Amino acid sequence: MRAKVSLITGAAGEVGQALIQRLSTDYACEQPTAAATPRQILALDLNPLPTALPANVHQVQGSILDTGLLDRLVSEYEIEEIYHLAALLSTRAEFSPDAAHRVNVEGTLALLHLAAQQSEWRNEPVRFIFPSSIAVFGLPDQKTKATAPRVREWEWNYPTTMYGCNKLYCELLGVYFSRHYRQLAADRPTSLDFRAVRFPGLVSAFTIPSGGTSDYGPEMLHAAAQRKPYACFVREDVRIPFMAMPDAVKALIDLARAPQEALSRPVYNVTSFSLSAAEFRDHVLRHFPDAQIGFAPDLKRQQIVETWPADLDDSTARRDWAWHPDYDVDRAFAEYLVPNIRRRYEVGVPVPTGDNCA
Ligand code: AKB
């Protein structure tokens, strides 16, 4: 008998590490007796996971593009749900567009095929949870950005980056696989259960992102905690939405657990708070008054964030599956980010870097 597992791709990245932690803790709390079997997690990543793993996590080092590896995984495990987090982020994808397309699109396609095949074997749809991004939006100019601050899911779907194009297309692929793929031939109502959230810039106290364009927020904060000077790569007035990592993980899990009949759409905006880069700096300065934060905008990265919305309208997620962030900006800084970051640097535990997933 194959063991039943939740597959997490990009497991060593920022969101992956936080998700594994939360899923393991949740299951430990939900199943407190020694006899109970905790949910088994299959953690797939190119890189090894940096921390000691709970007993229910099985680490597999390898690529989502390795079809031989994916075949081996389905022969050994019954995959019940997939959190597909692996991706190359927006700035990195601009430098390596072909690699980004391979990982972000071909990798997602391979996993959608795997999920469809597993659904067929199980005779029950595999849940496929996909983190999309504000990068799917592309506002044409600053005047439009200023006058269309809270963007709905279907507005301004004109991405200007390879990463944004990849994410938008993969949302559509997910919908295609869940609603149309082989339906005529197989006479089934659905082949898999695809659900996506569009994340704003994510900020973690425990990991530093790499390769993203919203990275200036977390970079500012981690630099301040280490007493290092920081030059922000976008202009002070640039405004985008952000979210603390625990809320990002909560959004993924809450969406995964929402009853299918409650969902009115496959792709949802989720957000917490919007800040200009100057306001982000001011929050950092409130907690680290000696921080040296300057601005040295990089034209390409500046142009990318200019096309992203200043804020998102996430009212549909709030209505359909009771989404709400636990951390507004003040609570995020005062209760999650600053105390944890201080503790980590003060006790000298190195903060691992990890690719963001959104
Ligand atoms: C990135 O900057 O690429 C990501 C994102 C906003 O999707 N953090």
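I will try to describe carefully the structure that is included in this document. Since the model is a prediction, treat every value here as computed from it, not as a measurement.

**Quick word on the sheet that holds strand E10 (residues 239–244)**
Argument step 1. Pairing is mixed in the open sheet, where three strands are placed in the order E8-E10-E12. Each end of this open sheet is capped by a strand with a single partner; those strands are strand E8 (201–203) and strand E12 (273–276). Taken over all neighbouring pairs, the strand axes of this sheet differ in orientation by 45 degrees on average, direction set aside.
Argument step 2. Judged from the four bridges that link them, E10 and E12 form a sheet pairing that is antiparallel. Note that in E12 the partner of Arg239 across the bridge is Ser276.

**Some details on the nonpolar core**
Argument step 1. Formed by 83 residues in total, the largest nonpolar core has its most connected members in Ile8, Tyr83, Phe199, Tyr216, Val270, Val284 and Trp321.
Argument step 2. If near-sequence neighbours (up to four positions away) are discounted, Trp321 is found in contact with Val197, Ala251, Asp254, Leu255, Ala258, Leu263, Tyr268 and Val270.

**Side note on the pattern of salt bridges**
Argument step 1. Counted under the stated rule, the structure contains 19 salt bridges.
Argument step 2. Ionic pairing is found between Glu80 and Arg122, a salt bridge with its closest N-O pair at 3.5 Å. Of this pair, Glu80 sits in strand E4 (residues 77–84) while Arg122 sits in helix H4 (residues 97–122), placing them 42 residues apart in sequence. The burial state of Glu80 is the same as that of Arg122; both residues are buried.
Argument step 3. Its salt-bridge partner being Arg195, residue Asp193 comes within 2.9 Å of it at the nearest N-O pair. By the burial criterion, Asp193 is buried, and Arg195 matches it.
Argument step 4. Through salt bridges with shared partners, a single ionic network connects Glu78, Glu80, Arg122 and Glu124.

Basis of the calculations
Residues numbered from 1 in each chain as written. Predicted model: local features only at pLDDT ≥ 70, side-chain atom pairs only at ≥ 80, totals over all residues. Heavy atoms only, no water. Pairing = 2+ DSSP bridges. Helix = DSSP H or I, 4+ residues; strand = E, 2+ residues; numbered from the N terminus. Axes fitted to C-alpha atoms, helices over the stretch in contact; angles between N-to-C directions. Core = buried A, V, L, I, M, F, W, Y, C linked by side-chain atoms within 4.5 Å. Buried < 20%, exposed > 50% of the residue type's maximum accessible area, 1.4 Å probe, protein only. Contact = heavy atoms within 4.5 Å. Salt bridge = Lys/Arg side-chain N within 4 Å of Asp/Glu carboxyl O.

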